Amino acid sequence: MSSIVKSAIFSIFLVVILWGCSSSTDPMNEASAIMQFTPDNVDVSVGSETIVTLEFSELTVPVFGLSLQIAYDSTYVSFSDTLNIESGDFLGNGALTFTLISDTTIYLTITRIQGQESVGGTGVICTLPFTGRAAGNSTIELPVGSVHLFDSAGDEIDVSGLETGPLVVTVR
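Quick caveat: nothing in here was measured; it's all calculated off a predicted structure.

## Brief notes about the pattern of salt bridges
Working step 1: Evaluation of the coordinates by the stated rule reveals 1 salt bridge.
Working step 2: The salt bridge involving R172 is made with D43; its shortest N-O contact spans 3.4 Å. Highlighted residues: R172 in the segment after β13 (167-171) and D43 in strand β2 (residues 41-44), separated in sequence by 129 residues.
Working step 3: Residue class for D43 comes out partly exposed when judged on its relative accessible area of 49%.

## Regarding the confidence of the model for the protein
Working step 1: When pLDDT is averaged along the protein, the result is 84, and 81% of the positions lie at 70 or above.
Working step 2: Scored below 50 in pLDDT, residues 10-27 makes 2 contacts in the model with residues more than four places away or belonging to other chains.

## A short note on the environment of I140
Working step 1: Inspection of the secondary structure assignment puts I140 in strand β10 (residues 136-140).
Working step 2: By relative accessible area, which is 0% here, I140 ends up buried.
Working step 3: Here the alpha-carbon distance between I140 and T105, two residues 35 residues apart in the chain, equals 9.4 Å.
Working step 4: Excluding its chain neighbours within four sequence positions, the residues that come into contact with I140 are F37, I70, A71, Y72, F130, P166, L167 and V169.

## Focus: the pairing of strand β4 (residues 65-71)
If a strand is regular, its side chains alternate between the two faces of the sheet.
Working step 1: With 5 of 7 residues buried, β4 is to be regarded as a mostly interior element.
Working step 2: In this sheet, strand β8 (residues 105-111) lies alongside β4 in antiparallel orientation, the contact comprising 7 bridges. Considered in β8, the bridge of A71 is made with T105.
Working step 3: As paired strands, β4 and strand β11 (residues 148-150) are joined by 3 bridges and run antiparallel to one another. Across the sheet, the residue bridging to G65 is F150, located in β11.

## Considering the side chain of T111
Working step 1: Note that T111 resides in strand β8.
Working step 2: Look at T111 and you get buried, because its relative accessible area is 18%.
Working step 3: Not counting the four nearest positions on each side in its chain, T111 is found in contact with F64, G65, L91, A95 and L96.

## Side note on the packing of aromatic side chains
Geometry of an aromatic ring pair is reported as the spacing of the ring centres plus the angle between the planes.
Working step 1: The tally for this structure, following the rule as stated, stands at 3 aromatic pairs.
Working step 2: Ring geometry for F79 versus F130: centroids 5.6 Å apart, planes at 70°, classification edge-to-face. Residue F79 is found in strand β5 (residues 77-79), and its partner F130 is found in strand β9 (residues 119-132); the two are separated by 51 residues along the sequence. F130 carries the same exposure label as F79, and that label is buried.
Working step 3: Three or more aromatic residues joined by ring pairs make a cluster, and in this case those are Y72, F79 and F130.

## Here's the deal with the sheet that holds β10
Working step 1: The sheet built from 3 strands is open, its strands ordered β2-β13-β10 with mixed pairing. On the outer flanks of this sheet lie β2 and β10, each paired with one strand and no other. When the angles between neighbouring strand axes are averaged without regard to direction, this sheet yields 20°.

## Topic: unusual backbone geometry
Working step 1: Following T38, the chain continues to P39 via a peptide bond in cis, the omega torsion being -10°.
Working step 2: Among the secondary structure elements, P39 is positioned in the loop between β1 (30-38) and β2.
Working step 3: At E58, a position not held by glycine, the phi torsion is positive, near 60°.
Working step 4: Tracing the backbone shows E58 in strand β3 (residues 49-63).
Working step 5: Residue class for E58 comes out exposed when judged on its relative accessible area of 61%.

Cut-offs and rules
- Residues numbered from 1 in each chain as written.
- Predicted model: local features only at pLDDT ≥ 70, side-chain atom pairs only at ≥ 80, totals over all residues.
- Heavy atoms only, no water.
- Salt bridge = Lys/Arg side-chain N within 4 Å of Asp/Glu carboxyl O.
- Helix = DSSP H or I, 4+ residues; strand = E, 2+ residues; numbered from the N terminus.
- Buried < 20%, exposed > 50% of the residue type's maximum accessible area, 1.4 Å probe, protein only.
- pLDDT = per-residue confidence, 0-100.
- Contact = heavy atoms within 4.5 Å.
- Pairing = 2+ DSSP bridges.
- Phe/Tyr/Trp six-rings, centres within 6.5 Å; stacked < 30°, edge-to-face > 60°.
- Axes fitted to C-alpha atoms, helices over the stretch in contact; angles between N-to-C directions.

Have a look at this one:
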């Protein structure tokens, strides 16, 4: 092996080692919280609407906005209306809400307005209306990896400490 190749390999090895040592996770930027639907079980009649709430409990890192997916079985329930999603008290009055609906997934982004402070703690993220379509059970959940939290600079916050809880809708 030539000395140039050896030097290149050593340089790459050194960069990889130094990068690995310097990329430790900042524990101050790891979100620890519970994000859950309330109630966690609900009964609804075919054709009737029920309102569920998505909440944070004990969020340890302040956030400026969030983006997530809510999955549901459209055989048994339908998402009633994007205009009826109401952001809760967690991100405050005037929070901007963006929604896209597919057959089985709600894509939801809520953000505070520029100039407002980031928030943490406990509170209602939003309320969501669902309508019973057919008798059966539908689990409404946040798929693994679908929750993204952001700080006021737009940087994503590590959510590895985030626990989520599903909702079961029984349609009768």
